[in-house]
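# Structural features, examined
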Amino acid sequence: MVIFNELMARIAGRFSRVEPRRAAGAYVRGLLADIDRKNCWNLAEHAGLAGPQTLQRLLRSARWDADAIRDDVRGFVVDRLGPDGVLVVDETGFVKKGRGSAGVQRQYSGTAGRIENCQIGVFLAYATPAGRALLDRRLYLPERTWLADADRCQAAGVPGETAFATKPALATAMVLAALRAGVPARWVTGDEVYGQDPHLRAALEEHRMGYVLAIAGNRRVDFEGVQVSAAEVAARVADRHWHRYRAGQGAKGPRWYAWAWARIDQSEPYGYRWLLIRRNLTTGELAFYRCYAPVRQPLMVLAKIAGVRWAVEESFQAAKGQVGLDHYQVRDWTAWHRHITLAMLALALLAAIAAAQPPSDHDQIPLTLPEIRRLLATLVLVQNRSIVNVLRWSRWRRRHQATARLCHYQRRSEP
């Protein structure tokens with residue numbers, strides 16, 4: 001597999017010894033394999049090892065730099081997905097038992113939809129028309145329950161110089177690192193956790209980086225020289241000022257919304273700032289976004305960027321469902337970052353293959369990430385099945401998925 005070999009060759013120099021390099025290759029192959037739980041025990045069995053010790057050593061004590069491989073993954077993603085992408089910031093939860101895992105505590109997890117005993121990872125995704133993938137990751141460390149307890153941090157391997165950082169601060173650090181690395185993005189988007197943070201917005205504006213960040217309806221903005229809530233601004237919008245635009249393609253077809261906007265913070269120099277308002281065409285529910293751009297932008301562009309935010313949710317779904325992002329059984333700070341980095345690498349490989357495929361016809365859908373992973377596992381990484389039979393079933397699935405999608409879209413378009 002050319003792309004797989006290229007990616008593994010790109011990171012080969014990050015290992016000082018051949019043993020951890022081979023272990024990393026076996027680990028990534030296992031993440032792409034048909035295994036229900038992708039922990040060290042199952043990955044070692046898939047690789048034909050006598051026990052899990054080799055892969056456990058890879059995550060815990062072998063000498064290699066996960067941040068350097070993170071940088072290699074970032075460069076690979078940009079090379080394969082192309083320029084003019086959008087950076088998306090978001091967090092996801094990893095439900096855990098006990099209290100020994102780095103950063104774990106009872107806290108709200110959007111993944112579980114409730115307060116759970118979990119770790120929270122903040123991630124940066126990159127989305128272009130060719131695809132999307134994860135570029136960076138940070139483990140959130142609560143201040144009171146972790147950083148104030150030096151013994152607990154030491155037991156979990158947290159570096160002594162680690163300081164408390166909020167989730168928006170972690171996101172800011174990742175975005176600025178991506179810009180310093182030359183990632184060709186001009187926009188950043190994220191949910192309310194990040195839209196409410198003035199320091200993140202100020203850092204983006206300082207770098208003349210456009211953003212479309214969600215905020216709550218009760219957040220106040222400077223509108224015509226008066227501080228009012230976003231919901232109050234929406235109440236003043238006349239019917240003729242709502243415009244219908246598509247915010248991307250969803251699982252159930254195009255996501256159509258009504259959009260309106262208003263200039264805000266006009267006293268602030270250098271650039272244009274808007275309050276963007278989205279209205280659900282069925283329920284009438286409103287969503288709000290603070291927006292900035294160094295030059296004037298049309299409403300359609302801001303609506304499009306707002307819709308790109310779902311790319312990170314799709315990346316989380318693919319990373320957890322296909323390459324075992326949340327399947328780890330490690331507690332140590334270093335081991336967490338190493339597993340997450342290798343899972344991001346496996347996801348980047350799937351995204352690169354999806355971006356490289358030729359356009360498909362209407363008779364079958366393009367290869368999805370789950371289908372690409374399935375084909376990799378059966379044809380390339382294992383090579384123990386009939387190629388003709390595997391490809392025949394792949395085409396069968398995609399033809400029937402195309403038919404089901406067409407019928408579904410037709411039903412939704414009926415009055």
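Residues numbered from 1 in each chain as written. Predicted model: local features only at pLDDT ≥ 70, side-chain atom pairs only at ≥ 80, totals over all residues. Heavy atoms only, no water.

Quick look at the pairing of strand 4 (residues 131-139) now. Burial analysis of strand 4 places seven of its nine residues in the buried class, which makes it a mostly covered element. Between strand 3 (residues 114-128) and strand 4, which follow one another and run antiparallel, lie two residues. (Buried < 20%, exposed > 50% of the residue type's maximum accessible area, 1.4 Å probe, protein only. Helix = DSSP H or I, 4+ residues; strand = E, 2+ residues; numbered from the N terminus. Pairing = 2+ DSSP bridges.)

Packing of helix 5 (residues 66-81) against helix 14 (residues 333-356) leaves a shortest axis separation of 10 Å and a crossing angle of 15°. As judged from the angle between their axes, helix 5 and helix 14 are roughly parallel. The two elements helix 5 and helix 14 meet at a crossing, and its hand is left-handed. Contacts from Ala 66, Ile 69, Arg 70, Val 73, Phe 76, Val 77, Arg 80 and Leu 81 of helix 5 reach helix 14 at His 337, Arg 338, Thr 341, Met 344, Leu 345, Ala 348, Leu 349, Ala 351, Ala 352 and Ala 355. (Axes fitted to C-alpha atoms, helices over the stretch in contact; angles between N-to-C directions. Parallel < 35°, antiparallel > 145°, perpendicular 65-115°, else oblique. Left-handed = near helix turned anticlockwise from the far one by under 90°. Contact = heavy atoms within 4.5 Å.)

Moving on to the pattern of salt bridges. Taken as a whole and judged by the stated rule, the model has 17 salt bridges. Here Asp 79 and Arg 10 are joined by a salt bridge, their closest N and O atoms 3.1 Å apart. Here Asp 79, found in helix 5, pairs with Arg 10, found in helix 1 (residues 2-12); they are 69 residues apart in sequence, far enough to count as distant. For Arg 10, a relative accessible area of 30% corresponds to the partly exposed category. As a salt-bridge pair, Asp 71 and Arg 74 come within 2.8 Å of each other at their nearest N and O atoms. (Salt bridge = Lys/Arg side-chain N within 4 Å of Asp/Glu carboxyl O.)

Taking 1.5 Å per residue, 16 residues should reach 22 Å; helix 5 reaches 22 Å between its end C-alpha atoms and fits that length. Looking only at helix 5, the buried set comprises Ala 66, Ala 68, Ile 69, Arg 70, Asp 72, Val 73, Arg 74, Phe 76, Val 77, Val 78 and Leu 81. Elements in contact with the buried residues of helix 5: helix 1, strand 3, strand 4, helix 8 (167-180) and helix 14. The distance from a side-chain oxygen at the start of helix 5 to the backbone nitrogen of Asp 67 is 3.0 Å, and the residue carrying that oxygen is Asp 65. Downstream of helix 5 by one or two residues, Gly 82 has phi in the positive range, about 90°. (Expected span 1.5 Å × (residues − 1). Polar contact = N/O pair within 3.5 Å; in protein donor to acceptor, adjacent residues only side chain to side chain.)

Under the definition given, this model contains 11 aromatic pairs. Taking the centre distance of 5.4 Å and the plane angle of 40° together, the rings of Phe 15 and Trp 64 count as tilted. With Phe 15 in the loop between helix 1 and helix 2 (18-31) and Trp 64 in the loop between helix 4 (53-60) and helix 5, the pair connects residues that are 49 residues apart, well separated along the chain. For the pair Phe 15 and Trp 64, one class covers both residues: buried. Between Phe 94 and Phe 123, the aromatic rings sit 6.4 Å apart at their centres with planes inclined by 50°, giving tilted as the arrangement. Linking Phe 94 in strand 1 (residues 85-95) with Phe 123 in strand 3, this pair joins segments that are 29 residues apart in sequence. (Phe/Tyr/Trp six-rings, centres within 6.5 Å; stacked < 30°, edge-to-face > 60°.)

On the secondary structure map, His 337 appears in helix 14. Sequence separation between His 337 and Tyr 272 is 65 residues; the distance between their C-alpha atoms is 38 Å. Contacts of His 337, omitting those with residues within four sequence positions, involve Ala 66, Arg 137 and Leu 139.

For Arg 106, the location among the structural elements is in strand 2 (residues 105-109). Arg 106 gets classed as exposed once you look at its relative accessible area, which sits at 57%. Arg 106 sits 10 residues away from Lys 96 along the chain, and the two C-alpha atoms are 9.7 Å apart. Sequence-distant contacts of Arg 106, defined by excluding residues within four places in its chain, comprise Ile 115, Glu 116 and Asn 117.

Time to look at the layout of surface pockets. Approximately 410 Å³ is the volume found for the second largest pocket. If you trace the second largest pocket, you find 21 residues lining it, with Asp 67, Arg 138, Pro 159, Trp 333 and His 337 closest to the centre. Going through the elements one at a time, helix 5, strand 4 and helix 14 are the ones with two or more residues in the lining of the second largest pocket. No other element matches helix 14, which puts four residues into the lining of the second largest pocket. Residues that form the lining of the second largest pocket fall into these classes: 11 nonpolar, three polar and seven charged. (1 Å grid on protein atoms, 1.4 Å probe; cavity = no way out; pocket = protein on both sides within 12 Å on 5 of 7 lines; lining within 4 Å. Points joined across faces, edges and corners; volume = space filled by probe spheres on them. Nonpolar A, V, L, I, M, F, W, Y, C, P; charged D, E, K, R; others polar.)

So, on to the pairing of strand 3. Burial analysis of strand 3 places 13 of its 15 residues in the buried class, which makes it a mostly covered element. Both strand 1 and strand 3 contribute to a ladder of 10 bridges, which runs antiparallel. Residue pairing in the sheet places Val 95 in a bridge with Cys 118 of strand 3. Once strand 2 ends, the chain turns through four residues before running back antiparallel as strand 3, passing Gly 113 with a positive phi of about 75°. By the bridge criterion, eight bridges tie strand 3 to strand 4 in an arrangement that is antiparallel. Each residue of the ladder has a partner; that of Ala 125, found in strand 4, is Leu 134.

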